[in-house]
Amino acid sequence: MRHKRTAQPTRAGQLAGARVKIVAVHNHGLSEHVVIANSGTVPQPLGAWALAALRGNRLYFFPDDTILRPGMTLTIHSGQDARAHTPPGLFWTDEQMWSNRSDMALLFDPEGNEVNRFSYSRHRLLRRDTMRRKRLIRAGDTWQMVDEPGRKANSFFRQAAARSAPR
């Protein structure tokens, strides 16, 4: 009797040797996209990872078969012109996902841990709610971004907040 082989999705947090990060958010009118890269030395499976727009709590879940190889970049398209630009890259939605003024893109692993973040127009994002690391949790049939208790996002945000605080 032959057993049928089925591919099992690989769902893993960031592997030792992988360095996945968001390198750009482009918001150009009707065409938007986010670029992520793996500057590490091992391939990173992105199945069940999520890309989130902080403004509006919008989420994109990567397909199970997505693997980001070392030195590779991956583009996730959104906006009214998104279908015209895929492939290459991945299609998120034909809706506008990114704020024109400022926003923050967050990358979460399958456990909901924040792996990386990228903000544009940083001076507008130095509010208390953007300084804390986020967690992605399931809330019934939906997902919700919440502050991770007691952990700051990174030293850049702390230093920038200190510089911009009134004296």
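## Thoughts on the overall build of the protein
In terms of regular secondary structure, the protein is built from 2 helices and 12 strands. Walking the protein from its N terminus toward its C terminus, one meets helices and strands in the order β-β-β-β-β-β-β-β-β-β-α-β-β-α. Put simply, the protein has 167 residues, and 42% of those count as buried. Considering only contacts in the protein between residues 6 or more positions apart, those separated by 24 or more positions represent 53%. For the protein, the exposed surface amounts to about 9900 Å²; the carbon and sulfur share of it is 49%.

## Re the pattern of salt bridges
A full pass over the atoms with the stated rule returns 2 salt bridges. The closest approach of N and O atoms between Arg117 and Glu114, which form a salt bridge, is 2.6 Å. Given a relative accessible area of 5%, Glu114 falls into the buried group. For the salt bridge of Lys134 with Asp147, the shortest nitrogen-to-oxygen distance reads 2.5 Å. With Lys134 in strand 11 (residues 132-139) and Asp147 in strand 12 (residues 142-152), the pair connects residues that are 13 residues apart, well separated along the chain.

## Looking at the sheet that holds strand 10 (residues 114-120)
Taken in spatial order, the 4 strands line up as 5-4-9-10 in an open sheet, and their pairing is antiparallel. Where the open sheet ends on each side, the last strands, each with one partner, are strand 5 (58-61) and strand 10. Averaged over all adjacent pairs, the angle separating strand axes in this sheet is 15°, with direction ignored. Looking at chain direction, strand 4 (residues 50-53) and strand 9 (residues 103-108) are connected through 4 bridges and run antiparallel. Bridge assignment links Leu51 to a residue of strand 9, and that residue is Leu107.

Reading the values: rules and limits
- Residues numbered from 1 in each chain as written.
- Predicted model: local features only at pLDDT ≥ 70, side-chain atom pairs only at ≥ 80, totals over all residues.
- Heavy atoms only, no water.
- Helix = DSSP H or I, 4+ residues; strand = E, 2+ residues; numbered from the N terminus.
- Buried < 20%, exposed > 50% of the residue type's maximum accessible area, 1.4 Å probe, protein only.
- Contact = heavy atoms within 4.5 Å.
- Areas by Shrake-Rupley, 256 points an atom, 1.4 Å probe, with all protein chains shown as cover.
- Salt bridge = Lys/Arg side-chain N within 4 Å of Asp/Glu carboxyl O.
- Pairing = 2+ DSSP bridges.
- Axes fitted to C-alpha atoms, helices over the stretch in contact; angles between N-to-C directions.

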